[in-house]
Amino acid sequence: MKLIRFGEPGNESPGLQLDDGRLVDTSSVVNDYDEEFFASGGLGKLQDWLSANAENAEQVSADHRIGSPIARPSKMICIGLNFSDHAAETGAETPKEPVIFSKATSALNGPFDNIVIPKGSEQTDWEVELAVVISKHASYVSESEAENYIAGYVLHNDVSERSFQIDRGGQWTKGKSADTFAPMGPFMATKDEIPNSDNLGMWLTVNGEKMQDGNTSNLIFNVPHVVSYLSHFMSLLPGDVISTGTPAGVGMGMSPERYLKPGDIVELGIDGLGSSKQNVVAYGS
Ligand code: ZN
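Per-chain numbering applies: the sequence of each chain, read as written, is numbered from 1 onward. Given that the model is predicted, a residue must reach a pLDDT of at least 70 before its local features are reported, and side-chain atom pairs must reach 80 or more before they are shown or counted; all residues, however, enter totals for whole chains, interfaces and linings. The basis for every side-chain value is the complete set of heavy atoms in the structure, and neither hydrogens nor water enter the calculation.

**Remarks on helix α2 (residues 42–53)**
- We count a stretch as a helix when DSSP gives it H or I for four or more residues in a row; a strand needs E for two or more, and each element gets its number in order from the N terminus. An expected span of 1.5 Å times one less than the residue number is assigned to each helix. Given a rise of 1.5 Å per residue, twelve residues ought to cover 16 Å, and the 16 Å separating the end C-alpha atoms of α2 matches this to within 8%.
- Summary of the burial criterion: residues with accessible area below 20% of their type's maximum are buried, those above 50% are exposed, and those between are partly exposed, where the area comes from a 1.4 Å probe applied to protein chains only. Among the residues of α2, G42, L43, L46, W49 and L50 are the ones counted as buried. All buried residues of α2 project into a common sector of 125° when viewed along the axis, lining one side. Within α2, the exposed residues directed more than 90 degrees away from the buried face are D48, S51 and A52.
- Throughout, a contact is declared for two residues whenever any of their heavy atoms are within 4.5 Å. Close packing links the buried residues of α2 with β1 (2–6), β2 (13–17), β3 (23–25), α1 (35–39), β10 (150–157) and β12 (182–190). Relevant arc is that of directions from the helix axis to the C-beta atoms, nothing else.

**Points about the sheet that holds strand β7 (residues 115–117)**
- Only strands joined by at least two bridges in the DSSP assignment are considered to pair. One open sheet holds the five strands; their spatial order is β7-β17-β16-β13-β14, and the pairing between them is mixed. Here the strands that pair on one side only, and so sit at the sheet edges, are β7 and β14 (209–215). Along the sheet, successive strands turn relative to each other by an average axial angle of 20°, direction set aside. To obtain an axis, a line is fitted to C-alpha atoms, over the contacting stretch when the element is a helix, and the angle between two such axes runs from 0 to 180 degrees between their N-to-C directions.

**Topic: the coordination of the zinc ion**
- Donor atoms from the polypeptide that bind the zinc ion are E127 (OE), E129 (OE) and D158 (OD), placed at 1.9 to 2.0 Å.
- As a rule, N, O and S atoms within 2.8 Å of a metal are its donors, except that Na, K and Ca use 3.2 Å; water is not among the atoms, so sites may look incomplete. Binding-site remark: the zinc ion is held by donors from one chain whose sequence spacing is E-x1-E-x28-D. Separated by 31 residues along the polypeptide, E127 in the loop between β8 (124–125) and β9 (128–134) and D158 in the loop between β10 and β11 (160–161) bring together distant segments of the chain.

**As for the domain arrangement of the protein chain**
- An automatic or database domain assignment supplies the residue ranges for each domain. Segmenting the protein chain into domains produces domain 1 (2–53) and domain 2 (76–282).
- Taking only C-alpha atoms into account, the centre of domain 1 sits 24 Å from that of domain 2.
- Across the contact, eight residues belong to domain 1 and twelve residues belong to domain 2.
- For the pair domain 1 and domain 2, the summed buried surface comes to about 880 Å²; carbon and sulfur atoms form 65% of the total. In short, buried area is how much 1.4 Å probe accessible area vanishes from two parts on joining, totalled over both.

**Structural notes on the side chain of S276**
- Along the chain, S276 falls in strand β17 (residues 275–282).
- Exposure remark for S276: the relative accessible area of 3% places this residue in the buried category.
- With residues near it in sequence (within four places) discarded, S276 still touches P111, F112, L155, G185, V266, E267 and L268.

**Comments concerning the pairing of β14**
- Bridge count for strand β13 (residues 201–206) against β14 is six bridges, and the pairing is antiparallel. When the sheet's bridge partners are listed, V206 is paired in β14 with E209.
- Where β13 hands over to β14, the hairpin turn is made up of two residues, of which N207 adopts a positive phi near 50°.

**Thoughts on the side chain of T124**
- Structurally, the position occupied by T124 is in strand β8.
- Looking at T124, its side chain comes within polar contact range of the side chain of S121, at 2.7 Å.
- Excluding residues that lie within four positions of it along the chain, T124 makes contacts with I117, P118, V159, S160, E161, F181, Y259 and L260. By the criterion applied in these results, polar contacts are pairs of N or O atoms within 3.5 Å in which, for protein atoms, one can donate a hydrogen and the other can accept it, and in which residues neighboring in sequence qualify only through two side-chain atoms.

**What to know about the pattern of salt bridges**
- Just to be clear on terms, a salt bridge is a Lys or Arg side-chain nitrogen sitting within 4 Å of an Asp or Glu carboxyl oxygen. Considering all chains together, one arrives at 14 salt bridges under this definition.
- Between D158 and K176 there is a salt bridge; the shortest N-O distance is 3.0 Å. In this pair, D158 sits in the loop between β10 and β11 while K176 sits in helix α5 (residues 173–176), placing the two residues 18 residues apart along the sequence. The exposure classification of D158 matches that of K176, with both residues buried.

**Some thoughts on the environment of K103**
- Along the chain, K103 turns up in strand β5 (residues 99–103).
- Overall, the relative accessible area of 3% leaves K103 in the buried class.
- Counting along the chain gives 155 residues from K103 to R258, while the straight-line C-alpha distance between them is 23 Å.
- Among residues more than four places away in sequence, those in contact with K103 are M76, C78, H156, D158, V159, K176, S177, F181 and A182.
- Polar side-chain contacts of K103 include one of 2.5 Å to the side chain of D158.

**A few points about the layout of surface pockets**
- We place a 1 Å grid over just the protein atoms. Points where a 1.4 Å probe fits but has no way out form a cavity, open points with protein on both sides within 12 Å along at least 5 of 7 lines form a pocket, and any residue with an atom within 4 Å of a point lines it. Grid points are joined across faces, edges and corners, and a volume is the space filled by probe spheres set on the points. Reported here for the largest pocket is a volume of approximately 310 Å³.
- Lining the largest pocket are 16 residues; nearest its centre among them are P9, G10, E12, R72 and L108.
- A domain split of the lining of the largest pocket shows at least three residues from each of domain 1 (2–53) and domain 2 (76–282).
- In this structure, the second largest pocket occupies an estimated 170 Å³ of space.

**Concerning unusual backbone geometry**
- Looking along the chain, the bond that leaves S255 and enters P256 is cis, with omega of -5°.
- One can find P256 in the loop between β15 (241–243) and β16 (265–270).
- Even without a glycine there, the phi angle at Y140 is positive, about 50°.
- Assessed through its relative accessible area of 60%, Y140 is described here as exposed.

Listed below in structure tokens is the structure:
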């Protein structure tokens, strides 16, 4: 299944994108795609409903805004420098253990919403990433069991302000957490739709120019590894998001460096997870 949410920011309703492309409303079946939904077996309930009602389901009109496909989670944890080509372009060494940082959940944004350049920013950058959504409480999970704790996958642009992240010192969270810095979606694909998370092409363009062109086969620490790894430092809760890192081709890796400015258009996609598109605007515009 492909889970979507539609409606105004902060007031989205749950839905599904069907295989024939129709978007249907599921708010009569479930409240939202949140912690309670995943924890209470909501995916199974939704599948049962879909099997019986796909033909007659109420359609979502095309003029609705599409929001993040999952409600604001308890946390978003990101993996840094998880592609060796990206580590090299940033001048960092390939990490021996996953580099982790958190991204404020208030950064969550719809896949076609604007990216707002924060106040005082001169180095807003892009990062196409595969994000994982957790299905159930995960603590001290082994790598071989990790798959059992995954609800699905979603396309994520881990938007980053490099000066806030690096020049300003301290933790990367500062450069990763501005409002609109986490465009998620267009949909969350349940894990049955992505049989092999280790071989997904991923790309990103700015104004139509290809910037990133990678594949999850080049992840240093793959999905089962990072789910297991994180679960040894914290409990992962149903609906939590783990963003697994970006390949080479970000603006800070270019010579000269290149950053987003108002009017730019960012598009990105991952095999099986659709594509998203964000217009870049100035703060307060
Ligand atoms: Zn990232």
